[in-house]
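Below, each chain spelled out in residue letters.
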Amino acid sequence: MTAQNEPVDSPETVEQDQALEIVKPTVDLDAANAQAEQIIKRQVKWAAAAAIVPIPLLDLAALATVQVKMIKNIAQCYGADASESSLKPLVASLLGTLGAAGISGGLLGSSAKVVPVTGTILGSIGFAAFGSAATYALGRVFASHFASGGTLENFSASAASSRLKAEYQKARTE
């Protein structure tokens, strides 16, 4: 019998399949969870710092950069892959699920910086609150997803939206 005519489950085929199988390294969940929490805490501070960027909309870009970097680092804790090009639209769509109150708070804070001095100060405060809470919520949602063995490929923004809103509200009240 030639290689083309071998049955699908022959010993040679099984052995070849096992040799080609990619083994995902096991992750110490306790260590990964602790590391993810540290990343979230650190990036929440950077999100608040993004609010001091005095140019409207540039602060939004700075915040998005912080959030994308955070999710990429959280993914690495759990042995998952996350590319910046796939994270940017995902982050934007998730932030859109926070609703009018969350988004308007971020945009209002950013655009208030057009008014010299008081607008910059008040806008920075409002934007810092929004950015910190949104970053915390995104971090918690993705850490939970990756901890349960999820990947970016099987992440559902619509399924995560209620959890994101709950985490966002939790961060706003703390």
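See above for the structure.
Residues numbered from 1 in each chain as written. Predicted model: local features only at pLDDT ≥ 70, side-chain atom pairs only at ≥ 80, totals over all residues. Heavy atoms only, no water.

**Student:** Which residues make up the packing of aromatic side chains, and what are the values?
**Tutor:** Applying the stated criterion across every chain, the model contains 3 aromatic pairs. Summarising the aromatic geometry, the rings of F142 and F146 are spaced 5.9 Å apart at their centres and angled 35° between planes, so their arrangement reads as tilted. Remark: F146 and F142 occur in helix α6 (residues 118–147); sequence separation between them is 4 residues, near one turn of the helix. Pair check on accessibility: F142 and F146 agree, each one buried. (Phe/Tyr/Trp six-rings, centres within 6.5 Å; stacked < 30°, edge-to-face > 60°. Helix = DSSP H or I, 4+ residues; strand = E, 2+ residues; numbered from the N terminus. Buried < 20%, exposed > 50% of the residue type's maximum accessible area, 1.4 Å probe, protein only.)

**Student:** Please set out helix α2 (residues 29–50) residue by residue, giving values where relevant.
**Tutor:** An ideal rise of 1.5 Å per residue puts 32 Å on 22 residues; α2 measures up with 31 Å between its terminal C-alpha atoms. Listed in full, the buried residues belonging to α2 are A32, A36, I39, I40, Q43, V44, A47 and A50. Projected onto a plane normal to the axis of α2, the buried residues spread over an arc of 145° and lie on a single side. Away from the buried face of α2 by more than 90 degrees, exposed residues D30 and K45 are located. If you check the start of α2, you find a side-chain oxygen 3.3 Å away from the backbone N of D30, and it comes from D28. (Expected span 1.5 Å × (residues − 1). Arc of directions from axis to C-beta. Polar contact = N/O pair within 3.5 Å; in protein donor to acceptor, adjacent residues only side chain to side chain.)

**Student:** Tell me about the packing of α2 against helix α3 (residues 58–77), and please be specific about residues and values.
**Tutor:** It is at 9 Å that the axes of α2 and α3 come closest, and there the two elements cross at 175°. On the basis of their axis angle, the class for α2 and α3 is roughly antiparallel. Packed against α2, whose contacting residues are A32, Q35, A36, I39, I40, Q43, W46, A47 and A50, the element α3 presents D59, A62, L63, V66, K69, M70, N73, I74 and C77 at the interface. Here the contact of α2 with α3 is built from residues that sort into 13 nonpolar, 3 polar and 2 charged. (Axes fitted to C-alpha atoms, helices over the stretch in contact; angles between N-to-C directions. Parallel < 35°, antiparallel > 145°, perpendicular 65-115°, else oblique. Contact = heavy atoms within 4.5 Å. Nonpolar A, V, L, I, M, F, W, Y, C, P; charged D, E, K, R; others polar.)

**Student:** With reference to specific residues and values, describe α3.
**Tutor:** In a regular helix each residue adds 1.5 Å, so 20 residues correspond to 28 Å; α3 covers 29 Å between its end C-alpha atoms and thus fits that length. Taken together, the buried positions of α3 are D59, L63, V66, Q67, V68, M70, I71, I74, A75 and C77. One or two residues past the end of α3 sits G79, with phi positive at roughly 75°.

**Student:** An account of the side chain of Q43 is needed here, citing residue identities and associated values.
**Tutor:** Tracing the backbone through its elements, the reader meets Q43 in helix α2. Leaving out residues up to four positions away in the same chain, Q43 has contacts with V66, K69, M70 and T135.

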